[in-house]
Amino acid sequence: MYIMINCSKKELMLYAVTDRHWLGDETLYDQVKKALDGGATFVQLREKKLDREDFLAEALEIQKLCKKYGVPFVINDEVSIAKDIDADGVHVGQSDMEAMDVRKVLGPDKILGVSAQTVEQAIIAEKHGADYLGVGAVFATGSKDDADDVSHETLKAICEAVSIPVIAIGGITKDNVSELAGSGICGVAVISAIFGQNDIKKATEDLKASVEKMLEQ
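Residues numbered from 1 in each chain as written. Predicted model: local features only at pLDDT ≥ 70, side-chain atom pairs only at ≥ 80, totals over all residues. Heavy atoms only, no water.

## Looking at the sheet that holds strand S2 (residues 42-45)
Hydrogen bonding along the main chain pairs the strands of a sheet, whether they run parallel or antiparallel.
Thinking step 1. Spatial strand order, S1-S2-S3-S4-S5-S6-S7-S8: 8 strands in a closed barrel with parallel pairing. On average, adjacent strands in this sheet sit at an angle of 25° to one another, irrespective of strand direction.
Thinking step 2. As judged from the 3 bridges shared by strand S1 (residues 14-17) and S2, these two strands associate in the parallel manner. Within S2, the residue paired with Tyr15 across the bridge is Phe42.
Thinking step 3. Those strands touched by helix H4 (residues 99-106) are strand S4 (89-92) and strand S5 (111-116), and its axis lies near 165° from that of S5. (Pairing = 2+ DSSP bridges. Helix = DSSP H or I, 4+ residues; strand = E, 2+ residues; numbered from the N terminus. Axes fitted to C-alpha atoms, helices over the stretch in contact; angles between N-to-C directions. Contact = heavy atoms within 4.5 Å.)

## Quick word on the nonpolar core
Thinking step 1. Membership of the largest hydrophobic core comes to 60 residues, with the highest contact counts inside it found for Phe73, Ile75, Leu133, Leu180 and Val188.
Thinking step 2. The residues contacting Ile75, other than those within four sequence positions of it, are Gln44, Leu45, Phe55, Ala59, Ile81, Ala82, Ile85, Ala87, Gly89, Val90 and His91. (Core = buried A, V, L, I, M, F, W, Y, C linked by side-chain atoms within 4.5 Å. Buried < 20%, exposed > 50% of the residue type's maximum accessible area, 1.4 Å probe, protein only.)

## Section: the pattern of salt bridges
Thinking step 1. In this structure the tally under the stated criterion is 11 salt bridges.
Thinking step 2. Arg20 is the partner of Glu47 in a salt bridge, and the nearest nitrogen-oxygen pair spans 3.0 Å. With Glu47 in the loop between S2 and helix H2 (52-69) and Arg20 in the loop between S1 and helix H1 (28-37), this residue pair connects regions lying 27 residues apart in the sequence.
Thinking step 3. Two residues, Lys34 and Glu26, come together in a salt bridge whose shortest N-O distance is 2.2 Å.
Thinking step 4. Lys34 sits in the partly exposed class, given a relative accessible area of 31%.
Thinking step 5. A single network of salt bridges, built from pairs that share partners, joins Arg20, Glu47 and Glu58. (Salt bridge = Lys/Arg side-chain N within 4 Å of Asp/Glu carboxyl O.)

## Notes on unusual backbone geometry
Thinking step 1. Cis peptide bonds are those with omega within 30 degrees of zero, and the linkage from Gly136 to Ala137 qualifies with 15°.
Thinking step 2. Of note, the phi angle at Asp77 is positive, near 70°, even though the residue is not glycine.
Thinking step 3. Here Asp77 shows up in the loop between strand S3 (73-76) and helix H3 (79-84).
Thinking step 4. One non-glycine residue with positive phi stands out, namely Asp86, at about 60°.
Thinking step 5. When you line up the elements, Asp86 lands in the loop between H3 and S4.
Thinking step 6. Using a relative accessible area of 47% as the deciding quantity, one classes Asp86 as partly exposed.

## Looking at the packing of aromatic side chains
Thinking step 1. Inspection of every chain in the model, using the stated rule, returns 3 aromatic pairs.
Thinking step 2. Three or more aromatic residues joined by ring pairs form one cluster here, namely Tyr15, Phe42 and Tyr132. (Phe/Tyr/Trp six-rings, centres within 6.5 Å; stacked < 30°, edge-to-face > 60°.)

## Structural notes on H1
Thinking step 1. Every buried residue of H1 is listed here: Leu28, Gln31, Val32, Ala35 and Leu36. The buried side chains of H1 occupy one side of the element, clustering within an arc of 140° when seen end-on.
Thinking step 2. Structurally, H1 contributes buried residues whose contacts are with S2, H2, helix H7 (192-195) and helix H8 (200-216).
Thinking step 3. Residue Gly39 follows H1 closely and has a positive phi angle near 110°. (Arc of directions from axis to C-beta.)

## Some details on the side chain of Ser210
Thinking step 1. Structurally, the position occupied by Ser210 is in helix H8.
Thinking step 2. Residue classification places Ser210 among the buried residues on the basis of a relative accessible area of 18%.
Thinking step 3. Residues in contact with Ser210, not counting those within four places in the same chain, are Lys174 and Val177.

## Regarding the environment of Lys49
Thinking step 1. Locating Lys49 in the fold gives a position in the loop between S2 and H2.
Thinking step 2. Residue class for Lys49 comes out exposed when judged on its relative accessible area of 81%.
Thinking step 3. For Lys49 and Tyr15, which are 34 residues apart along the polypeptide, the C-alpha to C-alpha distance reads 22 Å.

Structure, rendered in structure tokens:
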């Protein structure tokens, strides 16, 4: 079994997943900087529609920004881009490249996150080299059409079944995050709760305070 973990629970506490849906007149760089200023501890670049050249250019820019803040930077799905720019790692879903194959491409020292909705998927992902799991959707969400609902009982069962860190994702806000207390997660991943807000920096600060409170319960 793969033992070394390439990211800490503390780094996974407030995991920001990008989305250009709310950009308006701003750049993604501007919005990620605001999230980092607000205390985001981890950044995942998620792009579904950019061509490879634009994706690469954007990834390099945001990678540099995250390095400045000392925050891990991973790419969603695009393993080859993550490898090309020497990103800190990659996050893959169940319908993407198999975790074991991703680990072979990235090598042992990169962060590998895997989405899971069941205990079985979680155990397999850990066995195949995942450093952490993203489990959800724990609440109803409009950001990911393919996210299946995961009950709080299943979330807790997944946390108990694996030894790697687990973060919850899906519909999480500063108002409902307290409901995840006692589940065993080490943090949350959000999209709209940060990037869909008018004041990204303040939204990140408020959410982080709520997450810290939830983790203490």
